[in-house]
Amino acid sequence: MTAPRRIHLGLFLQGAGHHVSGWRHADAEAGSENFDLLRRMVKAAEAAKFDMVFLADGLTSGVDAHPSMIARFEPLTLLGALAMVTERIGLAATASTTYGEPYHLARAFASIDHLSQGRAAWNVVTTSYARTANNFSKSHPEHDARYAIAEEFVDVVRGLWDSWSDDAFPKDKERGVYADPAKVRVLDHAGTYYSVKGPLNIPRSPQGHPVLIQAGSSGPGQDLAARAADIVFTAQASLTEAQAFYRSLKQRVAGFGRDPNSVAVMPGFLPVVGRSLKEASERLSELDRWSPIERAMPLLEERIGHSLSGYDLDGPLPDLPISDQLRSRAELLTELARREGLTIRQLALRVAAGRGHHIVLGTASDIADRMQEWFETGAADGFNVMPPYFPGGLDAFVAEVVPILQERGLFRTEYEGTTLRDHLGIARPDWPGA
Ligand SMILES: Cc1cc2nc3c(=O)[nH]c(=O)nc-3n(C[C@H](O)[C@H](O)[C@H](O)COP(=O)(O)O)c2cc1C
């Protein structure tokens, strides 16, 4: 008997909240470096049986950035700490293929997978923002070149994870054999962008390969996801757009000879829970009132990839070429503004609230209904839950929405296994041999 299809839930954790003004809420304890808060939030998500927690990352800062992005922990360091205070929940973090080396990354994620006994996941990003280059003594490659580099980077990392068979370390005291020389696979990679000899200096990890996530929705982004990822993060704000993306992605997965059901599509989802729709709307308006337009505009301009100074804030978004910086997000925001007839000011506030992700207002059962609709009509296999502020925003979702999903048989009441692959229902890759 096959297990019923269930919603996958990730907690998209940002200490200062997802809404740009979330940290100002009376129920918020701000701080992306507040480990006590982060630990409590991850434990709450684990008690609610979430598949995983996800830590986004970037390699720049600045006072005009989103508060959750101005200052934050290096995410793999934080995952190491979280691995020690949790037992079941998956532990996912972003790391860049444009700014980093495959050997370092393969080693770091394998280490987290060992420390957590099989719960690590890597969100592969190519790093959109050109200003990142200012911190790395190099120039920023253009969009499609970043993905070409990423394709090879991911293959090198996966190859390094297969450096040793699962039984390569007999540690036989009698025979004096610590590592078995017949069970090592030297990668010997010499490609366009990387030359990496291997083997990796850590045993094969509990999941064989940590779970791979991909979060860019452009054509090259979808191809990378379809070929290599187990989970796809995305940001459609309407059902029809989400269905179109889901179809496109699953077709590409099949095109690479993979089972479309083995890749979970998880759009971002910002829930604002109230006792009524009116109360939820007021809650969001309260947060929006704390977001001055001067604060919201840089966030919009960064995503659109163009300065909007000189345009009437109460007029429509001008026709601008889609920037290469965050290509798919710029397209989504332009489409959102056209579809809903938003002014620049309204669009900026929408970005300040959820960076263009799907915002859902209402009672707990309204929110569960929307999740069910997306799940059952080919728009999502799960959701990356983005509370507008912490801890109150997550606590409300966990206390009120999760039980409804469980009562409807849409979400687990107990973990199926111990690893993140178990939660996702995906196989552990075999060792390919020496
Ligand atoms: C849920 C989600 C999480 C993301 N997390 C990150 C992140 O942590 N760091 C990052 O640089 N980009 C992140 N991105 C952005 C993507 O990597 C990508 O740059 C963006 O979606 C544009 O996609 P494209 O380059 O394929 O057009 C995220 C996107 C989504 C939808």
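Residues numbered from 1 in each chain as written. Predicted model: local features only at pLDDT ≥ 70, side-chain atom pairs only at ≥ 80, totals over all residues. Heavy atoms only, no water.

Q: Please clarify how the overall build of the protein should be interpreted in this entry.
A: The helix and strand inventory of the protein stands at 14 helices and 11 strands. At 22 Å, the protein has a C-alpha radius of gyration in line with the 22 Å of a compact globule built from 434 residues. Every one of the 434 residues in the protein was classed for burial, and the buried ones make up 55%. When contacts within the protein are restricted to residue pairs at least 6 apart in sequence, those whose partners lie at least 24 apart make up 77%. (Helix = DSSP H or I, 4+ residues; strand = E, 2+ residues; numbered from the N terminus. Rg over C-alpha atoms; globule rule 2.2 N^0.38 Å. Buried < 20%, exposed > 50% of the residue type's maximum accessible area, 1.4 Å probe, protein only. Contact = heavy atoms within 4.5 Å.)

Q: How should the site of the ligand be read in this particular structure?
A: As a structural note, the neighbourhood of the ligand is formed by 21 residues, with Asp 57, Ser 128, Tyr 147, Ser 218 and Ser 328 the closest of them. In the model, an oxygen atom of the ligand is placed 2.7 Å from a nitrogen or oxygen of the Thr 94 side chain. Contact between the ligand and His 143: an oxygen atom at 3.0 Å from a side-chain N or O atom of the residue. Protein chains shield 92% of the accessible area of the ligand, which is 620 Å² for the free molecule. Put simply, the parts of the chain that give the shell around the ligand at least two residues each are β4 (120–125), α5 (143–161), β8 (231–234) and α10 (327–340). At three residues, the largest contribution of residues to the shell around the ligand is made by α10. (Near = heavy atom within 4 Å. Polar contact = N/O pair within 3.5 Å; in protein donor to acceptor, adjacent residues only side chain to side chain. Areas by Shrake-Rupley, 256 points an atom, 1.4 Å probe, with all protein chains shown as cover.)

Q: In this structure, what is going on with the packing of aromatic side chains? I would like to understand it.
A: Between two aromatic rings, the relevant description is the distance of the centres plus the angle of the planes. Applying the stated criterion across every chain, the model contains 11 aromatic pairs. With centroids separated by 5.0 Å and ring planes inclined at 45 degrees, the aromatic side chains of Tyr 99 and Phe 136 adopt a geometry described as tilted. A residue pair is termed long-range when its members are at least 10 positions apart, and Tyr 99 in the loop between β3 (90–96) and α4 (102–115) and Phe 136 in the loop between β4 and α5 qualify at 37 residues. For Tyr 99, a relative accessible area of 8% translates into the label buried. (Phe/Tyr/Trp six-rings, centres within 6.5 Å; stacked < 30°, edge-to-face > 60°.)

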